[in-house]
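If you want the building blocks of each chain, they are given just below.
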Amino acid sequence: MNRPAGRVLTLLELLQSGGLRTSAELAGRLGVDRRTVRRYVDHLLDLDIPVESVRGRYGGYRLARGYRLPPLMLGDDEALAVLLGLLAGGRSGLTAALGPAGETAAAKIRRVLPARLADRLRNVLDTVAFTTAPDQDPAPDATVLLTVSDAVAGHRPITVAYTDRDGARTDRTLHPYAIVNHRDRWYIRALDPAIGQERSFRLDRITGVRTLSGSFEPPAGDDDPAHSLLTGFATADYRHEVTIRVQGTVEQIRTRFPASVAILNAVDEGGAGDSGEGGRRATDRSGRGGGESAPWQRLEIRAERLDWIPATLAALDLPFRIERPAELRDLVLALSERLALRARPGLA
């Protein structure tokens, strides 16, 4: 390939990276003068690649919006980034929503990779190990995902066919205002006008969606949809309502009781006076935290079962006091007796 042709392809690659590029910038990147840049642009126009010229003080060149380029110019690192992103998306279930598109896109890129780059990619794939199995949850339908995201961006109401966790199917009108990913699952935060409450809905449980006319204003009180989603998990309507006071910092407690499991509020030294999640930090003489001067936090948990909580409290290894239910105290005592018995010498 001669040098002018190579520079024309480099110009195409620069324009494909997006945005408006000034003549001076392009000339500097290509090592030519501005008149030569204009000649290279003409070469691209001759190939039916629509390059727009923008006049004025801040003018320059850009590709026409929405044009599907036959040659997609990617650098080595960009090609690897795309392929590794497709790999990660496939394991998380995200690209599964696009059907075979993720696989065909990866195949097209791999087919045109130079041998040295293909070898580098193969080395990565052969040497990477994963600590978790590929996600097996149903992926959201691509049409549903795109329609809902358009509605979120445009503040448009939608109707959906939704199947809840008990298998009951209902038709709902929603005002969606956010999409949240949590542990490889996709949710929408939306106002349900029928009940006047903000709720979370799993995208993979929506089997049909239609955008309605009109618009709505997103709720002013939910400026952190991700936090609202986790809070909703922690306050869901389960069988048991658990309240425990733990002496330690927020950071320590959250290692075992994340925001999706428990609501956490600080209390005073005597266990009264709610002051919100947080509280002053303090450490014992070992520097670990959770000593006599550490703050007390109140954990509030909604749980269908209690059997996992005693072991979690033991792993947390911080002072605690169970406020309710009494059944949890019995489970903690039973665990402590089993541990003490098994720790005695001569017992298996």
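Residues numbered from 1 in each chain as written. Predicted model: local features only at pLDDT ≥ 70, side-chain atom pairs only at ≥ 80, totals over all residues. Heavy atoms only, no water.

What to know about the sheet that holds strand E6 (residues 197-202)
Cut-off, in case you're wondering: Here, any two strands with at least 2 DSSP bridges between them count as paired. The helix count covers DSSP runs of H or I at least four residues long, the strand count covers runs of E at least two residues long, and both are numbered beginning at the N terminus. Only the contacting stretch of a helix is used when fitting its axis, a line to C-alpha atoms as for every element, and angles between N-to-C directions run 0 to 180 degrees.
Ordered in space as E6-E5-E4-E3-E7, the five strands form an open sheet in which the pairing is antiparallel. In this open sheet, the two edge strands, each paired with only one partner strand, are E6 and strand E7 (206-211). The sheet shows a mean angle of 45 degrees between the axes of neighbouring strands, direction not considered. Pairing analysis gives six bridges linking strand E5 (residues 185-192) to E6, with the strands arranged antiparallel.

Some remarks on the sheet that holds strand E9 (residues 262-267)
As a reminder, the rule being used: Throughout, a contact is declared for two residues whenever any of their heavy atoms are within 4.5 Å.
Read from one edge to the other, the open sheet built from four strands follows the order E9-E10-E8-E11, with strand pairing classed as antiparallel. Looking at the sheet topology across the chains shown, the edges are occupied by E9 and strand E11 (320-324). Across the sheet, the mean angle separating the axes of adjacent strands is 25 degrees when strand polarity is ignored. Along the sheet, helix H11 (residues 326-343) contacts strand E8 (240-247) and E11; its crossing angle with E11, the most-contacted strand, is approximately 140 degrees.

So, the packing of helix H1 (residues 3-16) against helix H3 (residues 34-46)
What counts here: When describing relative orientation, an angle under 35 degrees is termed roughly parallel and one over 145 degrees roughly antiparallel, while 65 to 115 degrees is termed roughly perpendicular and anything else oblique. Side-chain classes are defined by residue name, with Ala, Val, Leu, Ile, Met, Phe, Trp, Tyr, Cys and Pro counting as nonpolar, Asp, Glu, Lys and Arg as charged, and the others, Gly among them, as polar.
Remark: H1 packs on H3, axes separated minimally by 10 Å, with the N-to-C direction vectors making an angle of 80 degrees. Between H1 and H3, the angle is such that the two are roughly perpendicular. Of the residues in H3, those in contact with Pro 4, Arg 7, Val 8, Leu 11, Leu 12 and Leu 15 of H1 are Val 37, Tyr 40, Val 41, His 43 and Leu 44. In the contact of H1 with H3, the residues fall into nine nonpolar, one polar and one charged.

A look at the pattern of salt bridges
Heads up, the rule is: Salt bridges are identified by distance alone: a Lys or Arg side-chain nitrogen within 4 Å of an Asp or Glu carboxyl oxygen. Burial classes: relative accessible area under 20% of the type maximum marks a residue as buried, over 50% as exposed, and values in between as partly exposed (1.4 Å probe, protein chains only).
With the rule as written, the count across this model stands at twelve salt bridges. When the shortest N-O distance is used, the salt bridge between Arg 62 and Glu 52 registers 3.0 Å. Pair noted here: Arg 62 is in strand E2 (residues 60-63) and Glu 52 is in strand E1 (residues 51-54), with a separation of ten residues, a long-range link. Note on Glu 52: relative accessible area 31%, which makes it partly exposed. The salt bridge partner of Asp 307 is Arg 305, with a shortest N-O separation of 3.1 Å.

Some thoughts on the confidence of the model for the protein chain
The predicted structure's coordinates, where accompanied by low pLDDT, should not be read in detail. Where we set the bar: For every residue, the predictor states its confidence as a pLDDT score lying anywhere from 0 to 100.
Here the protein chain shows a mean pLDDT of 81. Residues at 70 or above account for 83%. Residue range residues 271-275 is modelled with pLDDT below 50. Its contacts to residues more than four positions away, or to other chains, number nine contacts. Low pLDDT, under 50, characterises residues 278-289; the predicted model gives this stretch 26 contacts beyond four residues in sequence or across chains.

What about the environment of Ala 190?
Structurally, Ala 190 is set in strand E5. A sequence separation of 17 residues divides Ala 190 from Thr 173, and the C-alpha atoms of the two residues are 9.7 Å apart. Contacts of Ala 190, omitting those with residues within four sequence positions, involve Leu 174, His 175, Pro 176, Tyr 177, Gln 197, Glu 198, Arg 199 and Phe 201.

Structural notes on helix H7 (residues 142-154)
To keep it simple, the criterion reads: For a helix, the expected span equals 1.5 Å multiplied by the number of residues minus one.
Along its 13 residues, H7 runs 18 Å from first to last C-alpha, staying within 8% of the 18 Å computed at 1.5 Å per residue. Among all positions in H7, only Ala 142, Val 144, Leu 145, Thr 147, Val 148, Ala 151 and Val 152 are buried. Against the buried residues of H7 lie strand E3 (158-163), strand E4 (169-182), E5 and E7. Of the residues flanking the end of H7, it is His 155, one or two places downstream, whose phi is positive at about 55 degrees.

Overview of the nonpolar core
Filter applied, for reference: To qualify as a nonpolar core, a set must consist of buried Ala, Val, Leu, Ile, Met, Phe, Trp, Tyr and Cys residues joined through side-chain atoms within 4.5 Å.
With 19 residues, the main nonpolar core has Ile 244, Phe 257 and Leu 299 as its most contacted residues. When contributions to this core are tallied by element, the ones reaching two or more residues are E8, helix H9 (250-254), E9, strand E10 (296-303), helix H10 (309-316) and H11. Not counting residues up to four positions away in its chain, the partners in contact with Ile 244 are Gln 297, Arg 298, Leu 299, Ile 309, Leu 313, Phe 320, Arg 321, Ile 322, Glu 323 and Leu 328. Counting 17 residues, the second largest nonpolar core, distinct from the first, contains Val 8, Leu 11, Leu 14 and Leu 30.

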